[in-house]
Amino acid sequence: MKKSRVDSKTRSSETTRNKDYRFFVLAAVFLVLSLLFSVFLAITVIKGPSGEYENDGLTVRIETVAGERGRIYDREGRLLVGNATHYDLIFEYGSMPDKRADVNASLVECLGALAETGNADKRVDDLFVLDGKYPNFEFCGELSNKESKEYYHYQRFLKKNNLDADMSAGELCDYLCKKYDLSASKYSPSVITELMRIYYDMERIDFGYYQYYTLAKGFEPTVPEEMALISYISEHRTEGATLIRSSERVYYYEGYAEHVLGRVGKITAENADLYADYPLDATVGITGCENVFEKYLRGSDGKRVSKYDKEGNLVEQYYSPAPIVGNDVYLTIDIELQKAAEDALREAVDELEESETGALTAIDPNTGETLVIASYSTESSMNFALQGTFAPGSTYKVGSALAALEEGYINESTSHYCDKVYPHLGGPTCLGNHGDTDVHKAIEVSCNIFFYYLGHGWGLDNITKYTARLGLGVPTGIELGERVGIVASESYCEEHGLEWSEFDDATGAIGQSKHAYTPLQLGVYMSSIVNGGTRYSAHVLKEVRTRTGDTLVKTEIKVLDKVEISQGNHNTVMDAMRSVVSSSAVLTRHFEKVGELVSGKTGTAETGREVSNALFSGFAPFDAPEIVVSCVLEEGDAGTNAAAVTAKVFEKYFSEGEEQ
C-alpha cells in the first residue's frame, strides 16, 4: 500500500482527519485480503476433491481413484467374483477450461480421439431422451413409460432447470443448444448431437466438483488400439480430460450361480433412495449377493494428489484420502455342487417333453448352510428355488405322519385298508392297491388312502402346525429375497374368497389342496425332520473378511424353532424314508453311484394340467445326515425324475469328500 506524501505542517493540522483516513484504508486492505483468502480457500477446499490448481509455484492435480469392490468366494475359498482393472476416460469439473467454447473444444477433441483410435464403441451408455440427429429430434419411446429410468431422470432435469413439463423435443433441443453454446455455425449436426447427449447426461448425474463424468470406459493397456487412446490423452493433456484406473466385475464361473451371485449396475430410479450417499453414476449391487451384501463389498473412493513443477515434472504424489477396497464375502455355496446341480437340471428339463422349469437346493441339515441354490428355466429368469412355489405332493406325507405320531392320533400299529379308493368324500383314489397299511408302509409306498383317513379324521390344521414349525410356509431366514408360500387352511381360503371343505383336509394331508412352498422351504423342512426337529435358519453368508484376511463378520448358526420328536417316532419316519429308496428298483439305480445310502421321499403333485410336477427330497448318509437335497421339476411327471437330478449332486458331494 502506498503512503501519502504530506507536508509535516499540514499533517499535524489534519491529525484527526488522517486518523479516520488510515482507519478506512486499513479496513479496505483487510477486506481485500479477506476476499483473497476466501478465494484461496475456495480453490483449495471446494476444488480440492477434483481438479487442478496452483500452489507455491506448483501445479496440483487431484484425481478420483475408485476403491476396488470386494470379492466373492465359495465355501472352499474358490474365487467366484473378482475385478479386472482397466482405464476410463473421464471429464472433471475442477480441471476443465473456464470458457464454454473451450469446454466444447475439449469434449470435441476427446470425441475425435475416440473415433481416430477406433474406440468410439467405448462410449458409455446414456439416458438421452431425444432420438434422431440435430436438428430433427423426437422424444424416445421409453419416455412414455413413467416407470422407466429415462422418465425418472428427465423429470429431475426439468425440475432442476425450471422447465415446462410439456416442452416439445424441439424446445428441449433449443434449450440445450442455447445453454451450452452449441451453434450450427460452429459445429456440425453430428457434433452438436453428441455434445447435447454429453451435457444432458452430465446434468443427469449432477456433474460438478464432487462428481466427474465418464466419457468412455474399459480401455485395456494390452490392446494396441486402446493403448493408442491412452497414449493420446496422456500426451495431449486435453483440459478437463483424464484417465483413471477402474475395475470391472469378473464372474469366474460364467453361467453358473447367476441367481445367487447377482449382478452390479448403475443406480436406477427404483433404487435411488437406497443409495442416497453414492454418486449417481456409481456401480452398485443390483441383484443377488451383490445387492444384499453391498455394505460389505463396497469400496470407498480416494483422491490422488499429484504436484508438478513448471516444466511438468512430477514432484510429489500421495493419496488424501487413500482409496479403500471393499471386504471379501465368503458364501456357504459349494460352486462345484452348484455346477453339478445346474447341469443336471438343464439336462432333465431339456429331456422332459413338457417340463420348462426346475429348481434344486442342498442344505447342511446340522447348520442351515445352503450348499446349492439352483434354478433353470427355458422361459423365465426367476430364481425358482426361492421365488417359485409348488405343492409338495407326497413329500408332505412324512410331516403328516410325524405330526400324528407325536400327538398320539396314530401309533406305529395304526392301520388302514387301501383298495385304491377312499370310501368317503366322493372317493378320492390312490395309485396303488396296498391292502392293510401302517404308517411305515404308508410312507414307503406313498399310500394316499392312509393319509386321507388321517387328514379327514383329524383335521389338516393339526398337521400344519407341525409342518410350519418344521419349515413349510414360513421364512427360511435366507438373506436373499424369497416367497413365503401358502399353508393350506380354511382361514386362508376365507381370506382369499376360496372354498374349503373336508375334502381339503383329506387332500391337504397328502400335500395337495392349497399348499404351495418353495424348494428351499422343502429343503429346510426335510432338514428339520432328519436332524431330529431343529429348524435352523437357512443362510448363504459364511463370513466376511478384510482384504488382509481378518474375519470381520461370521454368521452364527441360528435355531428358529425346536420341535420335540421322540426317538421312536423319529426312527419310524427315518426308516420309512430309507425304505422308499431301497424298495424301489428305479431309485436304487439312480443312487447306485453315490457311495452312501441315500434316503428320502418322492412326490408327484397334481397341477390341474395334464402332467404333474415331480419332487424328491432326500438325505445322506442315513446314520449321520450331512446333506439334504431337494428338487422340483415343473411338469416333470414322476418323482423318480426329480430323484435322478438329486443323484448327480449326491454323487458330486461324496466324490469331493473322497478327493479331499
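Residues numbered from 1 in each chain as written. Predicted model: local features only at pLDDT ≥ 70, side-chain atom pairs only at ≥ 80, totals over all residues. Heavy atoms only, no water.

### Topic: the overall build of the protein chain
(1) Moving on: Check the secondary structure of the protein chain and you find 22 helices and 24 strands.
(2) Moving on: At 35 Å, the protein chain has a C-alpha radius of gyration far larger than the 26 Å of a compact globule built from 660 residues.
(3) Moving on: Judged by the C-alpha coordinates and their principal axes, the protein chain covers about 135 × 55 × 55 Å.
(4) Moving on: The proportion of buried residues among the 660 residues of the protein chain is 51%.
(5) Moving on: Considering only contacts in the protein chain between residues 6 or more positions apart, those separated by 24 or more positions represent 69%. (Helix = DSSP H or I, 4+ residues; strand = E, 2+ residues; numbered from the N terminus. Rg over C-alpha atoms; globule rule 2.2 N^0.38 Å. Buried < 20%, exposed > 50% of the residue type's maximum accessible area, 1.4 Å probe, protein only. Contact = heavy atoms within 4.5 Å.)

### As for the side chain of S579
(1) Moving on: Following the sequence through the fold, S579 ends up in helix α20 (residues 567-582).
(2) Moving on: Excluding residues within four positions of it along the chain, S579 makes contact with H440 and E444.

### Remarks on the sheet that holds strand β24 (residues 627-634)
(1) Moving on: Sheet architecture is open: 5 strands sit in the order β15-β14-β24-β23-β22, paired in antiparallel fashion. Each edge of the sheet is formed by a strand with only one pairing partner; in this case those strands are β15 (370-377) and β22 (599-605). Each adjacent strand pair in this sheet contributes to an overall mean axis angle of 5 degrees, direction not counted.
(2) Moving on: Pairing between strand β23 (residues 613-620) and β24: 7 bridges, direction antiparallel. Each residue of the ladder has a partner; that of F619, found in β24, is V628.
(3) Moving on: Against the sheet, helix α11 (residues 335-351) engages β14 (357-363), β15 and β24, with an angle of about 25 degrees to β15. (Pairing = 2+ DSSP bridges. Axes fitted to C-alpha atoms, helices over the stretch in contact; angles between N-to-C directions.)

### Quick word on the pairing of β24
(1) Moving on: Most of β24 is tucked away: 7 of the 8 residues are buried.
(2) Moving on: Hairpin connection, β23 to β24: the antiparallel pair is bridged by 6 residues.

### Details of helix α3 (residues 100-116)
(1) Moving on: For α3, built from 17 residues, the straight-helix expectation of 24 Å at 1.5 Å per residue is met to within 8% by its first-to-last C-alpha distance of 24 Å.
(2) Moving on: The set of residues buried in α3 consists of V103, N104, S106, L107, C110, L111, A113 and L114.
(3) Moving on: Contacts from the buried residues of α3 go to β4 (79-91), α6 (189-204), β7 (213-219), α7 (224-236) and β8 (241-251).
(4) Moving on: One or two steps after α3, the chain reaches G118, where phi turns positive at roughly 75 degrees. (Expected span 1.5 Å × (residues − 1).)

### Quick notes on the environment of R100
(1) Moving on: Position of R100 relative to the elements: it lies in helix α3.
(2) Moving on: With relative accessibility at 30%, the residue R100 sits in the partly exposed group.
(3) Moving on: Spatially, the C-alpha atom of R100 lies 9.6 Å from that of K179, the residues being 79 residues apart in sequence.
(4) Moving on: Engagement of the side chain of R100 in a polar contact is seen with the side chain of Y199, the distance being 3.1 Å. (Polar contact = N/O pair within 3.5 Å; in protein donor to acceptor, adjacent residues only side chain to side chain.)

### Notes on α11
(1) Moving on: Here α11 contains 17 residues, and its C-alpha end-to-end distance of 24 Å stays within 8% of the 24 Å for a straight helix at 1.5 Å per residue.
(2) Moving on: Looking only at α11, the buried set comprises I335, E336, L337, Q338, A340, A341, E342, A344, L345, A348 and V349.
(3) Moving on: Between the side-chain oxygen of the N-cap and the backbone nitrogen of E336 there are 3.0 Å, and the N-cap of α11 in question is D334.

### Details of the side chain of Q512
(1) Moving on: Tracing the backbone through its elements, the reader meets Q512 in the loop between α18 (502-508) and α19 (519-530).
(2) Moving on: Each residue touching Q512, except ones within four places of it in the same chain, is listed here: A391, T507, T604, A605 and E606.

### Remarks on the packing of aromatic side chains
(1) Moving on: Summed over the entire model, instances satisfying the criterion amount to 19 aromatic pairs.
(2) Moving on: Plain terms: the ring middles of Y154 and F157 are 6.2 Å apart, the flat faces sit at 15 degrees to each other, and that makes the pair stacked. On the criterion of helical spacing, the pair formed by Y154 and F157 is a turn pair, its members being 3 residues apart in helix α4 (residues 149-160).
(3) Moving on: A residue is classified by how much of its surface remains accessible, and Y154, at 3% relative accessible area, is buried.
(4) Moving on: Connected via pairs of aromatic rings, a cluster forms that spans F128, F137, F139, Y154, F157, Y175 and Y200. (Phe/Tyr/Trp six-rings, centres within 6.5 Å; stacked < 30°, edge-to-face > 60°.)

### Topic: the packing of helix α13 (residues 396-406) against helix α15 (residues 448-458)
(1) Moving on: α15 packs onto α13 with a crossing angle of 50 degrees between their chain directions and a minimal axis gap of 11 Å. The angle between the axes of α13 and α15 places the two elements in the oblique class. For the crossing formed where α13 meets α15, the hand is left-handed. Of the residues in α15, those in contact with K397, S400, A401, A403 and A404 of α13 are N448, F451, L454 and W458.
(2) Moving on: Residue composition of the contact of α13 with α15, grouped by class: 6 nonpolar, 2 polar and 1 charged. (Parallel < 35°, antiparallel > 145°, perpendicular 65-115°, else oblique. Left-handed = near helix turned anticlockwise from the far one by under 90°. Nonpolar A, V, L, I, M, F, W, Y, C, P; charged D, E, K, R; others polar.)

### Things to note about the pattern of salt bridges
(1) Moving on: Under the counting rule described, the total for this entry stands at 28 salt bridges.
(2) Moving on: E369 is the partner of K542 in a salt bridge, and the nearest nitrogen-oxygen pair spans 3.2 Å. Highlighted residues: K542 in strand β19 (residues 541-545) and E369 in the loop between β14 and β15, separated in sequence by 173 residues.
(3) Moving on: Beyond isolated ion pairs, a larger network of salt bridges with shared partners links E68, R71, D328 and R547. (Salt bridge = Lys/Arg side-chain N within 4 Å of Asp/Glu carboxyl O.)

### Topic: unusual backbone geometry
(1) Moving on: The linkage connecting S320 with the following residue, P321, adopts the cis geometry, with an omega of 0 degrees.
(2) Moving on: Here the amide bond leading from A620 into P621 is cis, since omega sits at -15 degrees, within 30 degrees of zero.
(3) Moving on: Mapping P621 onto the fold places it in the loop between β23 and β24.
(4) Moving on: Positive phi values are uncommon outside glycine, yet D206 reaches one of about 60 degrees.
(5) Moving on: Inspection of the secondary structure assignment puts D206 in the loop between α6 and β7.
(6) Moving on: Assessed through its relative accessible area of 35%, D206 is described here as partly exposed.
(7) Moving on: In the Ramachandran plot, D637 falls in the positive-phi region, its phi being about 80 degrees despite a non-glycine side chain.
(8) Moving on: Mapped onto the elements of the fold, D637 is located in the loop between β24 and α22 (639-659).
(9) Moving on: On the basis of relative accessibility, which here comes to 46%, the residue D637 falls in the partly exposed class.

### Quick look at the confidence of the model for the protein chain
(1) Moving on: Across the protein chain, the average pLDDT comes to 88, with 91% of residues at or above 70.
(2) Moving on: Every residue in residues 1-50 is under pLDDT 50, and counting partners more than four places away or in other chains gives 27 contacts. (pLDDT = per-residue confidence, 0-100.)

### Considerations on the nonpolar core
(1) Moving on: Ranked by size, the top nonpolar core spans 116 residues in total, and within it L331, I443 and F591 carry the most contacts.
(2) Moving on: The element that contributes the greatest number of residues to this core is α22, accounting for 8 residues.
(3) Moving on: Residues within four places of L331 in sequence aside, it is in contact with I72, Y73, D74, R75, L80, V260, L261, C289, F293, V540 and K542.
(4) Moving on: Counting 49 residues, the second largest nonpolar core, distinct from the first, contains L163, M196, F219 and I233. (Core = buried A, V, L, I, M, F, W, Y, C linked by side-chain atoms within 4.5 Å.)

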